[in-house]
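What follows is each chain in one-letter form.
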Amino acid sequence: MKKKFLVATHGQLASGFQSSLTILADKGAELNVVDAYLTDEDYTPIIKEFIGSVGENEQGIIFTDLFGGSVNQKVVTELMLSKKDQIFVVSNSNLAIILTLVLIPEKEIFTQQSINEAINESQVRLVTTQLPEEETFF
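Within each chain, residue numbers correspond to sequence positions counted from 1 in written order. Whole-chain, interface and lining totals are the exception, using all residues; otherwise, since this is a predicted model, local features are given only for residues with pLDDT of at least 70 and side-chain atom pairs are given and counted only at 80 or more. To obtain the side-chain values, all non-hydrogen atoms of the structure were used and water was disregarded.

Caption draft 1: Looking closely at the sheet that holds strand 4 (residues 87-90). Criterion used throughout: strands pair if DSSP finds at least two bridges between them. Per the convention used, a helix needs a DSSP run of H or I reaching at least four residues, while a strand needs a run of E reaching at least two, with both numbered from the N terminus. The parallel open sheet is built from four strands, whose spatial order is 2-1-3-4. Strands with a single pairing partner mark the edges of an open sheet, and in this sheet they are strand 2 (31-36) and strand 4. With direction set aside, neighbouring strand axes in the sheet form an average angle of 15 degrees. Across seven bridges, the pairing between strand 1 (residues 2-10) and strand 3 (residues 58-64) is parallel. In the sheet register, K4 faces strand 3, and the bridge partner there is G60. Set on the sheet, helix 2 (residues 44-53) makes contact with strand 1, strand 2, strand 3 and strand 4; between it and strand 1 the angle comes to about 165 degrees. To obtain an axis, a line is fitted to C-alpha atoms, over the contacting stretch when the element is a helix, and the angle between two such axes runs from 0 to 180 degrees between their N-to-C directions. Residue contacts are counted whenever heavy atoms from the two residues lie within 4.5 Å of one another.

Below, the structure written as structure tokens:
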């Protein structure tokens with residue numbers, strides 16, 4: 001099943017994700033991007049065009065940067081108006097989740113469960129930089 005991807009963020013974060021995907025996996029061209037609020041231009045038509053481009057036998061994922069933020073609200077509103085249930089929205093997105101989902105083979109179908117599993121594997125993690133103290137014996 002053909003998959004389409006859109007990343008919509010405040011500022012140039014979407015383009016940054018696209019650049020990173022190109023460097024890491026040569027997949028940046030598969031992402032449509034919305035770099036919102038760089039100008040006064042309304043970005044809604046780009047979102048509507050993406051949603052409209054996802055056919056009945058296709059799936060789409062829209063990645064946004066902040067849950068409840070203005071870009072996320074615009075995406076959710078437009079998707080609800082479209083009544084397309086084959087498009088998913090992933091918010092609070094990071095490079096790990098975008099890379100994971102873009103690399104899923106076309107033959108696999110996205111479900112809420114499979115996306116949630118990918119999200120769980122792509123969580124933010126605290127990396128410890130402290131070496132364990134050596135035990136001393138007296």
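Caption draft 2: Structural context of the nonpolar core. Formed by 17 residues in total, the largest nonpolar core has its most connected members in I61, F63, I98 and L101. Residue assignment for this core shows that the elements contributing at least two residues are strand 1, helix 1 (13-25), strand 3, strand 4, helix 4 (95-102) and helix 5 (112-121). Element by element, the count of residues in this core is highest for helix 4, at four residues. The contact partners of F63, leaving out residues within four places of it in the chain, are F5, L6, V7, A8, V90, S93, I97, I98 and L101. Counting 14 residues, the second-largest nonpolar core is a separate cluster that includes L6, I47, V54 and V71. Among the buried residues, those of types Ala, Val, Leu, Ile, Met, Phe, Trp, Tyr and Cys that are joined through side-chain atoms within 4.5 Å form a nonpolar core. With a 1.4 Å probe rolled over the protein chains alone, any residue whose accessible area is under 20% of its type maximum counts as buried; one over 50% counts as exposed, and the rest are partly exposed.

Caption draft 3: Just the UniProt feature "domain: PTS EIIA type-4" (unreviewed entry) in the protein chain, in detail. UniProt positions are given in the numbering used here, feature names are shortened, and annotations may be inferred rather than shown by experiment. Annotation from UniProt places "domain: PTS EIIA type-4" (unreviewed entry) at residues 2-127. A distance of 36 Å separates the end C-alpha atoms of residues 2-127, which is 43% helix and 21% strand.

Caption draft 4: Here's a closer look at the pairing of strand 1. For strand 1, the buried fraction is high: seven of the nine residues fall into the buried class. Where strand 1 and strand 2 come together, six bridges link them in parallel fashion. Residue T9 lies in a different strand from strand 2, and its bridge partner there is D35. Tracing the backbone out of strand 1, into helix 1 and back to the parallel element strand 2 gives a crossover that is right-handed. When the strands point away from the viewer, a crossover counts as right-handed if the route from the first strand across the helix to the second turns clockwise.

Caption draft 5: Molecular detail of helix 1. Under the convention used throughout, the expected extent of a helix is 1.5 Å for every residue step, that is, one less than its residue count. For helix 1, which comprises 13 residues, the first-to-last C-alpha distance of 18 Å matches the rise-based estimate of 18 Å (1.5 Å per residue) to within 8%. Every buried residue of helix 1 is listed here: A14, F17 and L21. Within helix 1, the buried residues cover an arc of 55 degrees as seen down the axis, which keeps them to one side. Buried positions along helix 1 lie against strand 1, strand 2 and helix 4. This arc is built from the directions going out from the helix axis to the C-beta atoms.

Caption draft 6: Representation of the side chain of T64 in the model. Structurally, T64 can be placed in strand 3. We classify T64 as buried; its relative accessible area is 1%. As used in this structure description, the phrase polar contact means that two N or O atoms lie within 3.5 Å; if the pair is within protein, one of them must be able to donate a hydrogen and the other to accept it, and residues adjacent in sequence are counted only when both atoms belong to side chains. A polar contact is formed between the side chain of T64 and the side chain of S91, at a distance of 3.1 Å. Beyond its immediate chain neighbours, meaning those up to four positions away, T64 contacts A8, N72, V75, V89, V90, S91, N92 and S93.

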